[in-house]
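So you can see what is in the structure, the chains are spelled out below.
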Amino acid sequence: MMRGRFRHSPALIARDSRAAAIVEFALLAPVLLTILLGVLGYGQYFLLAHSAQQIANDSARATISGMNAAERFGLANAAMAKSLSRLPEIKPGTAAIAVEEAPPLVTVKVRIDAGAIGLFRIKLLPMPDPMIERSAVIQQGGVL
């Protein structure tokens, strides 16, 4: 009875190319999956870094119309909140802004904690630092 269940002998299985393909796939699948996750993870990092720079640029431009330091900070903070509303992957609580003044220059620094975003949560691959910091400098009215 047992003999009827198995129609292929071990010699036939050894010559079958499908078995070789399955073994090759089993050996290469983890490598290919790791490369794919690396591309996605670093792509997400570069997207977040670019977004942080754009938020810093927009916030710095918003400070031009401020009359004093408190008003400039409020304008920069409002510009950051508006930019974050268009970026669903960055939660408002994970981004911070700082405005530093050294007349006539205003420096806006944006810091995003990407540790809880996407592939940064999964510790399978070595990823860059999840704290992304970018800054933009703008001159307040007039010429140097």
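The structure this text deals with has already been given above.
So, the pattern of salt bridges
So, point 1. What the rule picks out here adds up to 4 salt bridges.
So, point 2. Two residues, Arg61 and Asp58, come together in a salt bridge whose shortest N-O distance is 2.5 Å. Of this pair, Arg61 and Asp58 both sit in helix α3 (residues 17-62), 3 residues apart, which is roughly one turn of that helix.
So, point 3. Classification of Arg61 as partly exposed rests on a relative accessible area of 47%.
So, point 4. Taking the shortest distance from any N to any O, the salt bridge between Arg111 and Glu133 comes out at 3.3 Å. With a gap of 22 residues between them, Arg111 in strand β2 (residues 105-113) and Glu133 in strand β3 (residues 131-139) connect regions that are remote in the sequence.

Details of the pairing of β2
So, point 1. Where strand β1 (residues 95-102) meets β2, 8 bridges bridge the pair, whose relative direction is antiparallel. Bridge pairing links Ala102 to Leu105 in β2.
So, point 2. Taking the residues that link successive antiparallel strands as the turn, the β1-β2 hairpin has 2 residues.
So, point 3. Strand direction decides the pairing type here: β2 and β3, joined by 9 bridges, are antiparallel. Directly across from Leu105, in β3, lies its bridge partner Gln139.

The rules behind each value
- Residues numbered from 1 in each chain as written.
- Predicted model: local features only at pLDDT ≥ 70, side-chain atom pairs only at ≥ 80, totals over all residues.
- Heavy atoms only, no water.
- Salt bridge = Lys/Arg side-chain N within 4 Å of Asp/Glu carboxyl O.
- Helix = DSSP H or I, 4+ residues; strand = E, 2+ residues; numbered from the N terminus.
- Buried < 20%, exposed > 50% of the residue type's maximum accessible area, 1.4 Å probe, protein only.
- Pairing = 2+ DSSP bridges.

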